[in-house]
Amino acid sequence: MATFTRIQEGESPSITIHPSYKIAEIDNNIYGGFTEHMGRCIYGGIYDPGNPLSDENGFRKDVIEAFKELNVPVVRYPGGNFVATYNWLDGVGPKESRPSRPELAWIGVETNEFGTDEFMKWCEAVGTEPYLCLNMGTGTLADALGWLEYCNSDRNTYYANMRRKNGREKPYNVKYWALGNECWGPWQVEQLTKEDYAKKAYQWAKALKLLDPTITLILCGETGYSSWDHYVLKECVRWDVHGLGDENNTKSLIDMHSIHVYTADKEHLANATAPRSAERAIQMASALIDLARIENKVPASIPKQKICFDEWNVWDPIRAPGEQGAEEKYTLSDALAVAVWLNAFIRQAKDMGMANIAQSVNVISPLMTSKDGLVKQTIWWPLLLFSKYMRGHTIALNVAAPEYTGRTQPAWIRAAIETPYLDCSATLGADGFVNLAVANLNEEQDYEVALDGLKADKVEVFVVSGDNVGVTNTAGEQKVGIKESAWDGKGKYTFGRHSLTLLRWKGA
Ligand code: AHR
């Protein structure tokens, strides 16, 4: 949470930090990832058998190390649009008997060489939690129940025994399950109307929770501000459901609401401020959840359903088409946009249950593999800084800064939410450190800023920047990275043009 006071260019900017005013606890799951059977994300990304950089399971060791470095707490799988024709049974059991199938989301062939057990093993190697998305396209409720039983049941039943036969005795206890992916999208195999989806999601949720009442179920929303979101929330944010394995009806049918937004623009400032639309989307989705709870008379004892922003990033699908593997080349401008995205998650922590950058390897990703190594794209660096330091609690801030007043993408941002040149958030970590993230989006102007509330004589400084907003990182040259230094906390701090700065000091 941050409040913003617009000042004119030439006036003195300030950031007032209130370390003792905790706003909300930050869920670590906002640093989640996403791996889809798409382009080179799985095959050639996390899984590359035969490559000297891979382990005995075919998992790329350098990719595992990168996930560990980012401390990714949860990874969504297997799609995305891919999931709408995915049969999980094709991807378990002996590899030589797994069928190859036509893949209709990205128009390819799925060999099923990598499936559920491989993904679970990979999650264990990374030290992350799996989050599975169910096929609500060609898949049936029976398929979904079978997959849940395969992953989570410790009983003497068919699919639990199939898992044992495939070499895994203990259940995987997968906690997070999504009720389909973008079921509203015209590109989707078996696209649904909101009425049909809500009816189906309600019935599926009931049955899935009967089989395993401990799971966290995620409803398929759209952007967070559409009539789809409004309708499906109204129908599915319910607690008075018979058959949730709970005689007293004190359980919620669904636990989180998924939304997706991708931002991009050719011009730097429209690009870097575009994630403000996602922040407004969070606020609107949160209001729709409140509305559904009011209309459905959900008691306050049932925790409010949080938002699962399970696809977010900078992506222009015309520049990097999905069917061609969506290998975006990210610029410094995109890295600043990602900083604004992450600031938004911190500011809106109260409503955020999870967020998953789309995607984690090769496909619209901070991390690119080649046969002989990794490239960390520009957007890797803000992600790393935030994941390392911006945890704990969001704290209150007031930012007085000039505002960008030009064209926005989308246009509705201008009337809905401000676009300050200094986009900020702050946290108080469990280690007692205050962390202040400041993205100076202005490509021409440094800002000398008074930091009210900073009482320390030792401040750690981390800066992500580059020569200009168009620079990219390649295998040959890393033009954007993190520069570390120290500051004595005296006087004003100058935030350089087109940069992300993270200041960190032991709180008072
Ligand atoms: O992340 C790429 C694609 O974008 C996903 O498969 C889909 O859910 C979204 O449209």
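Bear in mind the structure is a predicted one, so any value in this text is a computation, not a measurement.

1. Some thoughts on the site of the ligand
In the vicinity of the ligand lie 13 residues, with Glu36, Asn81, Glu182, Tyr262 and Glu311 positioned nearest. A distance of 3.0 Å separates an oxygen atom of the ligand from a polar atom in the side chain of Gln359. A total of 290 Å² of accessible area belongs to the ligand in isolation, and the protein chains cover 95% of it. By residue class, the composition of the shell around the ligand is 6 nonpolar, 4 polar and 3 charged.

2. Quick notes on the UniProt feature "domain: Alpha-L-arabinofuranosidase C-terminal" (unreviewed entry) in the protein chain
Feature annotation in UniProt assigns "domain: Alpha-L-arabinofuranosidase C-terminal" (unreviewed entry) to the following positions: residues 310–499. Overall, residues 310–499 shows 16% helix and 35% strand. The separation of its end C-alpha atoms is 26 Å.

3. Quick look at the domain arrangement of the protein chain
Under the domain assignment, the protein chain is made up of domain 1 (2–9 + 400–506) and domain 2 (27–391). If you average the C-alpha positions of domain 1 and of domain 2, the two centres end up 30 Å apart. Roughly 3,500 Å² is buried in total at the junction of domain 1 and domain 2, and carbon and sulfur atoms are behind 69% of that figure. Inspection of the domain 1/domain 2 interface yields 4 salt bridges. Residue Asp265 is joined to Arg407 by a salt bridge in which the shortest nitrogen-to-oxygen separation is 2.7 Å. If you look at where domain 1 meets domain 2, you find 16 residue pairs in polar contact (both at pLDDT 80 or more). For the side of domain 1 that touches domain 2, the elements supplying multiple residues, two or more each, are helix 11 (413–416), strand 16 (422–428), strand 17 (433–440), strand 19 (459–465), strand 20 (481–487) and strand 22 (499–506). By residue number, the principal contributor to the side of domain 1 that touches domain 2 is strand 16, which donates 6 residues. Its residues assigned to classes, the side of domain 1 that touches domain 2 comprises 24 nonpolar, 19 polar and 5 charged.

4. Comments concerning the sheet that holds strand 4 (residues 74–77)
If you walk across this open sheet you meet the 8 strands as 3-4-7-8-9-10-11-12, and the pairing is parallel. Across the chains shown, the open sheet's two edge strands, defined by having one partner strand only, are strand 3 (33–34) and strand 12 (352–357). As defined by bridge partners, strand 7 (residues 129–133) adjoins strand 8 (residues 176–178) across 3 bridges and the pair is classed as parallel. Bridge assignment links Leu132 to a residue of strand 8, and that residue is Trp177. The strands that helix 2 (residues 116–126) touches are strand 4 and strand 7; relative to strand 7, the one it contacts most, it runs at about 150 degrees. Most of the contacts of helix 9 (residues 332–347) go to strand 11 (residues 306–314), to which it runs at about 175 degrees, and overall it touches strand 10 (256–263), strand 11 and strand 12.

5. Some details on the packing of helix 1 (residues 61–70) against helix 10 (residues 380–389)
Between helix 1 and helix 10, the shortest axis-to-axis distance is 9 Å and the interhelical angle comes to 50 degrees. Viewed along their axes, helix 1 and helix 10 adopt a mutual orientation that is oblique. Across the interface between the two elements, Ala66, Glu69 and Leu70 of helix 1 pack against Trp380, Leu383, Leu384 and Ser387 of helix 10. Taken together, the residues that form the contact of helix 1 with helix 10 break down as 5 nonpolar, 1 polar and 1 charged.

6. A look at the packing of helix 1 against helix 2
Where helix 1 meets helix 2, the axes come as close as 9 Å, and the angle between the chain directions of the two elements is 55 degrees. As summarised for this structure, helix 1 and helix 2 are arranged oblique, according to the angle between their axes. Taken together, the residues of helix 2 that come into contact with helix 1 (itself represented by Ile64, Phe67 and Lys68) are Trp122, Ala125 and Val126. Tallied by class, residues from the contact of helix 1 with helix 2 come to 5 nonpolar, no polar and 1 charged.

7. A look at the packing of aromatic side chains
In the structure shown here, the tally under the stated rule is 30 aromatic pairs. Here the aromatic rings of Tyr43 and Tyr47 are separated by 6.1 Å at their centres, their planes lie at 70 degrees, and the arrangement is edge-to-face. On the accessibility criterion, Tyr43 (24% relative accessible area) is partly exposed. Sitting over the ring of Phe34, Arg76 keeps its end group 4.6 Å from the ring centre. Across the ring face of Tyr231, the terminal group of Lys194 is positioned such that the distance to the ring centre comes to 5.7 Å.

8. Some remarks on the environment of Glu222
Looking at where Glu222 falls in the secondary structure, it is placed in the loop between strand 9 (216–220) and helix 6 (227–236). Separated by 37 residues in the primary sequence, Glu222 and Ile259 have C-alpha atoms spaced 5.1 Å apart. Those residues in contact with Glu222 that lie beyond four places of it in its chain are Trp184, Trp228, Asp229, Ser258, Ile259 and His260.

9. As for the pattern of salt bridges
For the structure on display, the rule yields 33 salt bridges. The shortest N-O distance in the salt bridge between Glu124 and Arg168 comes to 2.9 Å. In this pair, Glu124 is assigned in helix 2 and Arg168 in the loop between helix 4 (158–165) and strand 8, connecting sequence segments 44 residues apart. Residue classification places Arg168 among the buried residues on the basis of a relative accessible area of 16%. The structure contains a network of salt bridges with shared partners spanning Arg276, Glu279, Arg347, Glu418 and Asp423.

10. Regarding the nonpolar core
Nonpolar side chains in soluble globular proteins generally cluster together in the buried interior. Within the largest apolar cluster, 163 residues are counted, with the highest numbers of intra-cluster contacts made by Ile15, Trp122, Leu179, Tyr197, Phe309 and Leu451. The element contributing the most residues to this core is helix 9, with 11 residues. Contact partners of Leu451, with chain neighbours within four places excluded, come to Ile15, Ile17, Leu436, Trp487, Tyr493, Phe495 and Leu503.

11. Points about unusual backbone geometry
Looking along the chain, the bond that leaves Gly79 and enters Gly80 is cis, with omega of 10 degrees. Note that Gly80 resides in the loop between strand 4 and strand 5 (101–103). Note the cis peptide between Gln409 and Pro410, where omega equals 0 degrees. Along the chain, Pro410 turns up in the loop between strand 15 (393–401) and helix 11.

12. What to know about the side chain of Glu110
Mapped onto the elements, Glu110 comes out in strand 6 (residues 108–110). Arg98 provides the closest opposite charge to the buried, salt-bridge-free Glu110, at an N-O distance of 7.8 Å. Among the polar contacts listed, one links the side chain of Glu110 to the backbone nitrogen of Asn112, at a separation of 2.8 Å. In this structure Glu110 touches His37, Tyr43, Phe82, Pro99, Ser100, Arg101 and Glu103, once residues within four positions along its chain are discounted.

Cut-offs applied
Residues numbered from 1 in each chain as written. Predicted model: local features only at pLDDT ≥ 70, side-chain atom pairs only at ≥ 80, totals over all residues. Heavy atoms only, no water. Near = heavy atom within 4 Å. Polar contact = N/O pair within 3.5 Å; in protein donor to acceptor, adjacent residues only side chain to side chain. Areas by Shrake-Rupley, 256 points an atom, 1.4 Å probe, with all protein chains shown as cover. Nonpolar A, V, L, I, M, F, W, Y, C, P; charged D, E, K, R; others polar. UniProt positions renumbered as here; feature names shortened; annotations may be inferred. Helix = DSSP H or I, 4+ residues; strand = E, 2+ residues; numbered from the N terminus. Domains from an automatic or database assignment. Buried area = accessible area lost by both parts, 1.4 Å probe. Salt bridge = Lys/Arg side-chain N within 4 Å of Asp/Glu carboxyl O. Pairing = 2+ DSSP bridges. Contact = heavy atoms within 4.5 Å. Axes fitted to C-alpha atoms, helices over the stretch in contact; angles between N-to-C directions. Parallel < 35°, antiparallel > 145°, perpendicular 65-115°, else oblique. Phe/Tyr/Trp six-rings, centres within 6.5 Å; stacked < 30°, edge-to-face > 60°. Buried < 20%, exposed > 50% of the residue type's maximum accessible area, 1.4 Å probe, protein only. Lys NZ or Arg CZ within 6 Å of the ring centre and 35° of its normal. Core = buried A, V, L, I, M, F, W, Y, C linked by side-chain atoms within 4.5 Å. Lys, Arg positive; Asp, Glu negative; His and termini not counted.

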